[in-house]
Amino acid sequence: MLRIYDTRTRQVEDIPQARALRMYTCGPTVYRYAHVGNLRSYLLSDLIRRILERQRVRMVVCQNITDVGHLVDDAEIGEDKIVVQAREEGRPTLDIARFYEDAFRRDTAALNLRPPEHTPRATEAIDLMIELIAKLIEKGHAYTVPDGSVFFAAESFPSYGEISGNRLDALKPGHRVEGVDPRKRFHADWALWKHSHRELAWDTPWGGRGFPGWHVECSAMSLRYLGEHIDIHTGGIDLRFPHHEDERAQSDSAAGHEVVRRWVHGEHLLFDGRKMAKSTGNVVLLADVADEGLDPLAVRLAFMEHRYRHQMNLTWDTLRAADRTLRRWRARVAEWAESPSAPLDQTAVRQAEAAFDDDIDTPAALRVLRELERDESVAPGSKFESFLHIDHVLGLDLSSEIGRVRVLPAGAAELLEQRARARQECDWAAADRLRDDLAALGVKVADTPDGQTWT
């Protein structure tokens, strides 16, 4: 049984056993590329899904696409060359959104993230949001103001703050130049609907034209596609407040009960010790990783070297090390595939599965593979079966080299020739050094009576 840390209860909780479970994941804002820090939080939901599906649970997953709302204004989209070109050509805002949405889907596919059952776009769910807002107004949880905007009455939801710890009585007004929005009844109220006449705006039953607030889209779409009882809700730790606090208040107020059973958050990712953000000039895309000649799944492996709720510092050195490990494991699996079949190593498999169930302890599961790789008492055929069994959760495509013609990495042939000469000259120190250099390239060298061989 999977046990996972629930941000709301502040402890590791059981995921209830059931034939089917519903999970909601806050999706991307598609007016920029997703960087590798963003992608880490989507790996979290993928791992949850894979672990539970291996336990014969049917997962129904919904992940929204934010293509309207808080980041759509020109000033907030930024000056990405794709955006600038689209603006110069007079193309509509949604053309830009579709471009980045496609890029996001390519990135998630490259990371082996299984696609959700439902990926609703905010622009195609406006009616759902208007319906939800009207319901909240009717129940006394929201109020309209003269310009047609609508605010959620934060004080109408007494348990606000259970996810983040930010209770209403302790919240201070935002430090704005213009002060607290005078339209609000209470400074912590937030906009469900914003009056506007820009390109992406819609008419409403309560009068005025505008667009939805950021938080309301997740409430509307999760309730529509997953219903009023959602087992798991995931997202990055930065969404804990205010987004998930506001979302919980909206959904629970509309449903009349607690909608989400478990709130699960992934921690921040640093790159070279700094926060990854456009404002800091420290953004690394998955395309940048590929441009360095590294397999995108090296990013997935590097992520899994750390627990999902621990802050992680990613570097180019760790990515290169992960890439070497990935290539070595694939070569070993292809090598073991040539051996007679043998049963799973039950000890290794049980240890890996126990690690997955223990709050997704992927570092422990990876240690199991490393120990199994070195264990000479385990038959190659058993290693083959066990690696592929565990890879159903890890998602590293460890079987991808099976049956392929062996091709040496660039520079390896020269190193093999140098090592052969070193052995002929009895220069064992040089031969050992060259063996290590070849191992760093993912080439394993063995010495036989007929000379050296490699895999």
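Everything discussed here concerns the structure shown above.
Because the structure is predicted, anything quoted here is derived from the model rather than measured.

Asker: Pulling in residues and values, what's your account of the overall build of the chain?
Answerer: Looking only at helices and strands, the chain has 15 helices and 16 strands in total. Principal-axis analysis of the C-alpha atoms places the extent of the chain at approximately 90 × 50 × 35 Å. Buried residues in the chain amount to 51% of all 455 residues. Counting contacts in the chain only where the partners sit at least 6 residues apart, residues at least 24 apart contribute 75% of the total. Looking at the chain, you have 61 positive and 74 negative side-chain charges, and the mean spots of the two groups are 2 Å apart.

Asker: Hey, could you go over the sheet that holds strand E9 (residues 209-212) for me, with residue numbers and the actual values?
Answerer: Taking strand neighbours across the sheet as the criterion, the five strands line up as E5-E6-E7-E9-E8 in an open arrangement whose pairing is antiparallel. Where the open sheet ends on each side, the last strands, each with one partner, are strand E5 (142-144) and strand E8 (202-203). Packing against the sheet, helix H7 (residues 240-255) makes contact with strand E6 (150-152) and strand E7 (190-195), and its axis sits at approximately 85° to E7.

Asker: Could you give an account of the packing of aromatic side chains, with specific residues and numbers?
Answerer: The final tally for this structure, using the stated rule, is eleven aromatic pairs. Ring geometry for Phe-99 and Tyr-100: centres 5.1 Å apart, planes at 90°, overall edge-to-face. A residue is classified by how much of its surface remains accessible, and Phe-99, at 29% relative accessible area, is partly exposed. A relative accessible area of 2% places Tyr-100 in the buried class. Arranged with centres 6.0 Å apart and planes meeting at 25°, the rings of Tyr-143 and Phe-151 form a pair that is stacked. There is no split in this pair, since Tyr-143 and Phe-151 are both buried. Following the ring pairs from residue to residue traces out a cluster consisting of Tyr-33, Phe-99 and Tyr-100. Positioned over the ring face of Tyr-143 is Arg-185, at 4.0 Å from the centre of the ring. Here the guanidinium or amino end of Arg-224 rests over the ring plane of Tyr-225, the centre of that ring lying 4.9 Å away.

Asker: Please set out empty space enclosed by the protein residue by residue, giving values where relevant.
Answerer: Tallied over the full model, the rule gives two cavities of 30 Å³ or more. Counted as a void, the largest cavity has a volume near 110 Å³. In terms of lining, the largest cavity is formed by 13 residues, of which the most central are Arg-40, Leu-43, Leu-44, Leu-47 and Tyr-308. Breaking the lining of the largest cavity down by element, the ones donating at least two residues are helix H1 (36-54) and helix H9 (297-304). Broken down by element, the residue count for the lining of the largest cavity peaks at four residues, all from H1. Partitioning the lining of the largest cavity into residue classes produces seven nonpolar, three polar and three charged. The computed volume of the second largest cavity comes to approximately 40 Å³. Ser-222, Ile-230, His-233, Glu-247, Arg-248, Ser-251, Val-259, Val-260 and Trp-263 are the residues that line the second largest cavity. Ranked by residues supplied to the lining of the second largest cavity, first place goes to H7 with three residues. A class-by-class count of the residues in the lining of the second largest cavity yields four nonpolar, three polar and two charged.

Asker: Help me get a handle on helix H11 (residues 346-357), residues and values and all.
Answerer: Along its twelve residues, H11 runs 16 Å from first to last C-alpha, staying within 8% of the 16 Å computed at 1.5 Å per residue. Within H11, the full set of buried residues consists of Ala-348, Val-349, Ala-352, Ala-355, Phe-356 and Asp-357. In this structure, the buried side of H11 is in contact with strand E1 (3-6), H1, helix H12 (362-374) and helix H13 (380-394). Remark: Asp-359 follows H11 within two positions and exhibits a positive phi of approximately 55°.

Asker: Please set out the pattern of salt bridges residue by residue, giving values where relevant.
Answerer: Once their charged atoms are close, side chains differing in charge can pair, the charge on each being opposite to the other. Enumeration over the complete set of coordinates arrives at 33 salt bridges. Among the salt bridges present, the one from Arg-320 reaches Glu-292, with a minimum N-O distance of 3.7 Å. Of this pair, Arg-320 sits in helix H10 (residues 316-336) while Glu-292 is found in the loop between helix H8 (286-291) and H9, placing the two residues 28 residues apart along the sequence.

Asker: So what's going on with the sheet that holds strand E11 (residues 260-266)? Which residues, and what values?
Answerer: Ordered in space as E4-E3-E10-E11, the four strands form an open sheet in which the pairing is parallel. The open sheet has two edge strands, strand E4 (58-63) and E11, and neither has a second partner. Taken pair by pair, the neighbouring strands of this sheet meet at an average axis angle of 20°, ignoring direction. This element, H1, spans strand E3 (20-25), E4, strand E10 (230-236) and E11 of the sheet and lies at about 150° to E10.

Asker: Go over the layout of surface pockets with me, naming the residues and quoting the values.
Answerer: Looking at the second largest pocket, its volume works out to about 670 Å³. Along its surface, the second largest pocket is lined by 26 residues, and Arg-327, Ala-331, Glu-401, Val-407 and Gly-442 are the ones closest to its centre. Counting residues per element, the lining of the second largest pocket draws most heavily on H10, at eight residues. Its residues assigned to classes, the lining of the second largest pocket shows 13 nonpolar, three polar and ten charged.

Asker: Explain H9 to me, and be specific about the residues and the numbers.
Answerer: Among the eight residues in H9, eight count as buried, and that is most of the element. Along H9, the residues that are buried comprise Leu-297, Ala-298, Val-299, Arg-300, Leu-301, Ala-302, Phe-303 and Met-304.

Asker: Provide a residue-level description of unusual backbone geometry, including the pertinent values.
Answerer: Cis geometry is found at the peptide bond from Phe-241 to Pro-242, where omega equals 5°. Tracing the sequence through the fold places Pro-242 in helix H7. The phi torsion at Asn-112 lies on the positive side, around 60°, for a residue other than glycine. Secondary-structure assignment places Asn-112 in the loop between helix H4 (93-110) and helix H5 (126-138). Of note in this structure, Asp-359 is not a glycine but carries a positive phi near 55°. Residue position: Asp-359 is located in the loop between H11 and H12.

Rules behind the numbers
Residues numbered from 1 in each chain as written. Predicted model: local features only at pLDDT ≥ 70, side-chain atom pairs only at ≥ 80, totals over all residues. Heavy atoms only, no water. Helix = DSSP H or I, 4+ residues; strand = E, 2+ residues; numbered from the N terminus. Buried < 20%, exposed > 50% of the residue type's maximum accessible area, 1.4 Å probe, protein only. Contact = heavy atoms within 4.5 Å. Lys, Arg positive; Asp, Glu negative; His and termini not counted. Charge placed at Lys NZ, Arg CZ, Asp CG, Glu CD. Pairing = 2+ DSSP bridges. Axes fitted to C-alpha atoms, helices over the stretch in contact; angles between N-to-C directions. Phe/Tyr/Trp six-rings, centres within 6.5 Å; stacked < 30°, edge-to-face > 60°. Lys NZ or Arg CZ within 6 Å of the ring centre and 35° of its normal. 1 Å grid on protein atoms, 1.4 Å probe; cavity = no way out; pocket = protein on both sides within 12 Å on 5 of 7 lines; lining within 4 Å. Points joined across faces, edges and corners; volume = space filled by probe spheres on them. Nonpolar A, V, L, I, M, F, W, Y, C, P; charged D, E, K, R; others polar. Expected span 1.5 Å × (residues − 1). Salt bridge = Lys/Arg side-chain N within 4 Å of Asp/Glu carboxyl O.

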